[in-house]
Amino acid sequence: MAPCNCHNPYLPYPMVIRQVTDEVEDRSIKTYDLAFRESADAEAFRWQPGQFCELSLLGVGEAPFGIASSPAEPELLRFSVKKAGVVTAALHRLKAGDQIGLRGPLGNAFPLELMRAKNVLIIGGGFAFTTLRALIVSLLDQRADYGDITVIYGARTPGLLMYRSDLDAWQSRSDMRMIQTIDQPYVGWEGQVGLVPAVLEQTAPSPSATIAIVCGPPIMIRFTMPVLARLGFENQQIYTSLENRMKCGIGKCGRCNIGHKYVCLDGPVFSMAELSALPPEY
Amino acid sequence: MPEAYHLPSGQYDAWLATLRRHGRLIAPVMREGEYRFDVLADDELPMLGRGLTRRSPKWVFFPQHEAMLRFRRQADDYASAEVAQPNNTPQVLLGVAPCDAASLPMLDRIFMDNYHDPYYAARRRNTLVIALACARPTSTCFCHALGGGPADAAGADLLLTVIDGGYLLETITPAGQSAAAGWGLDPADGDHREQATRAHAVAVEKLKPIESLAGIEAKLEGLFNHPLWREAAEKCIACGTCTYNCPECHCFDIRDLPLADGGERVRGWDACMYAQFTVHASGHNPRPDQGARWRQRIMHKFSYLPANIGLYGCVGCGRCITSCPVRLDIRQVLDAVRRALPEEASRGTV
């Protein structure tokens, strides 16, 4: 009998890869749909958008990844992995049917309760769209609970936008605003062109009763925050998700802290109000 | 007043035999020229009372390397991963210095709060901790700046004190009480207690007067960007010895180790003093220089841990001072913290 996972937070759930998809045109990101091998594990696994897991390869190691699927998508547990190191390179060699381990869900989640009955502004850039995908699916699943939903998502080229079929489906909905943008004009691209901060400024969403979630590369965050401030957003209305190097994911190994907060336990989701009180160590 | 027993020298050997029946005996001995804690051979006697061991005994609960998972050769067969069973052997840790014992309540919070670490917890549960009151504080000791002292029993199940012709044995925890109740020792009388109290007072007098560090977390508040961190790190060669010998440092790495017939997922000590410790896959490092790493070491011990669990991450044993190859002294850095003016931090050199 498999040892009980419930008492050992370092023991991964055994998983099987159902499907592997190339997510972007330069093949640097692959998306993995996973399934639990034990139905009891699947039953026990409950998560919220914004949380992450450690994906685990025996003999190689572990690395943390945001959960890209929503609990509103039955039977779907999705991760998108950018190749950038030992574990991710090994992950990129795996195919459907291969086995993998998973620890989690870990960390906190996007503030869904706080968003209830409010407008939600989601701003994403590049690869940092994984947990935002989970969030958007959850919001749309309970659409009536929220006000206006606006999503601005940018990448360098059309082929580097993740989750294209989701983006197109959201684009065609009348109960949300989906703005896709690319950095520079591109043959065949008929959508927005411009960097995310510029498109945000032009879109000019109202800060009134709105929660903004901003996830993207540091350079995008740096130039987006002043725009949000100019639009009248306060720090406590703005949330982001951070990544720091981590190992255990459960607040013990001592490397992901920003001041006295641990990204793995207290985060990865932080409000800008919280972050402004912490040292810039991320 | 805690329960106390008298252990005369004449009964010492028999008592050691009783301890060995209780479990594996771990105590200070000389090994390869080093005074250190180790598992004693059946006929081996502990060498008590020779001051601090060079390294702390934290490895008894948190070994430098330990397997967390084991797996067979076909590395893709995830169902084959098994938990490496935490060590459940009952053991007695004898002769722990009060400063080392004082590190345990903090480590307990780290490893057993929130997510329960089964490896650490098993060893804590199965280990009887017998401290020995410190009779020879040295010039690098500063336990008294952190509220500790040579006879402080925090973290220990029992406390021994050398008295004329033997020891006084005080029980501190219920585990210590129930163990001692089965040892057939005579209760201590008033004279034994008085001798121990005198011995404690003599040790306290040997400590150099020092300014208390209580409240230093408030002083650290405004110093994140202060030049003192870079100054502290100037000589540092980032060897990490201070963290390895520290009884409180507990940062670790997790790595997969291939073996001939399979492999292990191993946890091993790691250190904030290493450049690689926080480097991202992208190459970005939130702590890009040794000053930032020194700041993390001090802030973690004296600001972040007090904020999170109300305990300092330092017991004042002084091992980081005595073992530093470039003679960096944490007391001097803490003095610089005390003297620092927050407005200098605004210039931001780190």
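Just so we're clear, the structure is a prediction, and the values are computed from it rather than from any experiment. Just so you know, the residues in each chain are numbered from 1, in the order the chain's sequence is written. Chain labels run from A onward and ligand labels from 1 onward, assigned in the order the entries are written. For this predicted model, a pLDDT threshold of at least 70 governs which residues receive local features, and a threshold of 80 or more governs which side-chain atom pairs are given and counted, while totals over whole chains, interfaces and linings are taken from all residues. Note that water and hydrogens are dropped before the side-chain values are worked out from all heavy atoms of the structure.

S.K.: Just to check I follow, could you spell out the interface of chain A and chain B for this structure?
M.R.: Where the parts come together, the accessible area they lose is often given as the size of the interface. Taken together, the contacts link 41 residues of chain A with 46 residues of chain B. Computed with a 1.4 Å rolling probe, the buried area is the accessible surface lost when two parts are put together, summed over both parts. Summed over both partners, the interface of chain A with chain B buries about 3,600 Å², with 57% contributed by carbon and sulfur atoms. Every case where a carboxyl oxygen of Asp or Glu lies within 4 Å of a side-chain nitrogen of Lys or Arg is listed as a salt bridge. Between the two partners, chain A and chain B, sit six salt bridges. Between Glu62 of chain A and Arg265 of chain B there is a salt bridge, with its nearest N and O atoms 3.0 Å apart. For the purposes of these results, a polar contact is taken to be a pair of N or O atoms within 3.5 Å, where, inside protein, one atom must be able to donate a hydrogen and its partner to accept one; residues adjacent in sequence count only when each atom of the pair is a side-chain atom. Between the two partners, chain A and chain B, sit 25 residue pairs in polar contact (both at pLDDT 80 or more). Segments assigned H or I by DSSP are reported as helices when at least four residues long, segments assigned E as strands when at least two residues long, and all are numbered from the N terminus. Within the residue set of the side of chain A that touches chain B, elements represented by two or more residues are strand E3 (52-57), strand E4 (61-66) and strand E6 (99-106) of chain A. In terms of residue count, E6 of chain A provides more of the side of chain A that touches chain B than any other element does, five residues in total. Here the nonpolar group is Ala, Val, Leu, Ile, Met, Phe, Trp, Tyr, Cys and Pro; Asp, Glu, Lys and Arg are the charged ones; every other residue, Gly included, is treated as polar. A per-class count over the side of chain A that touches chain B returns 21 nonpolar, 12 polar and eight charged. In this description, contact between two residues means that some pair of their heavy atoms is separated by no more than 4.5 Å.

S.K.: What's the story with the sheet that holds strand E1 (residues 4-8) of chain B in this structure? I'm lost.
M.R.: In a beta sheet, neighbouring strands are held together by backbone hydrogen bonds and run either parallel or antiparallel to one another. Residues and elements named next belong to chain B. Note on pairing: two strands pair once DSSP finds at least 2 bridges between them. Strand order in the open sheet formed by eight strands is E3-E2-E6-E7-E8-E9-E1-E10, and the pairing between neighbours is mixed. Edge strands, defined here as strands with exactly one partner in the open sheet, are strand E3 (34-39) and strand E10 (186-187). Each of E1, strand E2 (24-31), strand E6 (91-96), strand E7 (127-132), strand E8 (158-163) and strand E9 (166-171) is contacted by helix H1 (residues 9-22), which is oriented at about 115° to E1, the strand it contacts most. Under this scheme, a helix contributes an axis fitted over its contacting stretch, all axes are lines through C-alpha atoms, and angles between N-to-C directions fall in the 0 to 180 degree range.

S.K.: It is not clear to me how unusual backbone geometry should be interpreted in this structure. Could you clarify?
M.R.: For residues besides glycine, phi is generally negative; the peptide bonds are generally trans as well. All names here are of chain A. With an omega of 0°, the peptide bond between Gly104 and Pro105 qualifies as cis. Structurally, Pro105 is set in strand E6. Look at the link from Gly267 to Pro268: it is a cis peptide, with omega at 10°. Mapped onto the fold, Pro268 is located in the loop between strand E14 (261-262) and strand E15 (269-271). With phi around 70°, Ala117 is a residue other than glycine that occupies positive phi space. Note on placement: Ala117 falls in the loop between helix H3 (112-115) and strand E7 (119-125).

S.K.: What should I look at first to understand the domain arrangement of chain A in this one?
M.R.: Residues and elements named next belong to chain A. For the domains described, the bounds stem from an automatic or database domain assignment. Each domain of chain A was delimited in the assignment, giving domain 1 (13-106) and domain 2 (112-241). Using C-alpha coordinates to define each centre, domain 1 is positioned 24 Å away from domain 2. Between domain 1 and domain 2, the contact holds 23 residues from the first and 19 residues from the second. Where domain 1 abuts domain 2, roughly 1,500 Å² becomes buried across the two surfaces, and 59% of that area is made up of carbon and sulfur atoms. A per-residue breakdown of the area domain 1 buries against domain 2 is headed by Glu23, Glu25 and Pro49, which together make up 29% of the total. Glu73 is the salt-bridge partner of Arg133, the closest N and O atoms lying 2.7 Å from each other. Scanning the region where domain 1 abuts domain 2 turns up seven residue pairs in polar contact (both at pLDDT 80 or more). When residues of the side of domain 1 that touches domain 2 are traced back to their parent elements, those giving at least two are strand E2 (29-36) and strand E5 (77-82). If you tally residues by element for the side of domain 1 that touches domain 2, the top one is E5, at four residues. Its residues assigned to classes, the side of domain 1 that touches domain 2 shows nine nonpolar, eight polar and six charged.

S.K.: Looking at this structure, how should I read the domain arrangement of chain B?
M.R.: Residue and element names in this part refer to chain B. With domains assigned, chain B is organised as domain 1 (4-206) and domain 2 (216-347). Just the C-alpha atoms count here: the centres of domain 1 and domain 2 sit 26 Å apart. Summed over both partners, the interface of domain 1 with domain 2 buries about 3,400 Å², with 59% contributed by carbon and sulfur atoms. The largest per-residue losses of area from domain 1 upon contact with domain 2 belong to Lys58, Met106 and Phe142, which jointly make up 19% of the total buried on that side. Between the two partners, domain 1 and domain 2, sit four salt bridges. For Arg70, the salt bridge is made with Glu264, and the minimal N-O distance between the two is 3.1 Å. Where domain 1 touches domain 2, the interface holds 19 residue pairs in polar contact (both at pLDDT 80 or more). Looking at the side of domain 1 that touches domain 2, its residues break down into 23 nonpolar, seven polar and 10 charged.

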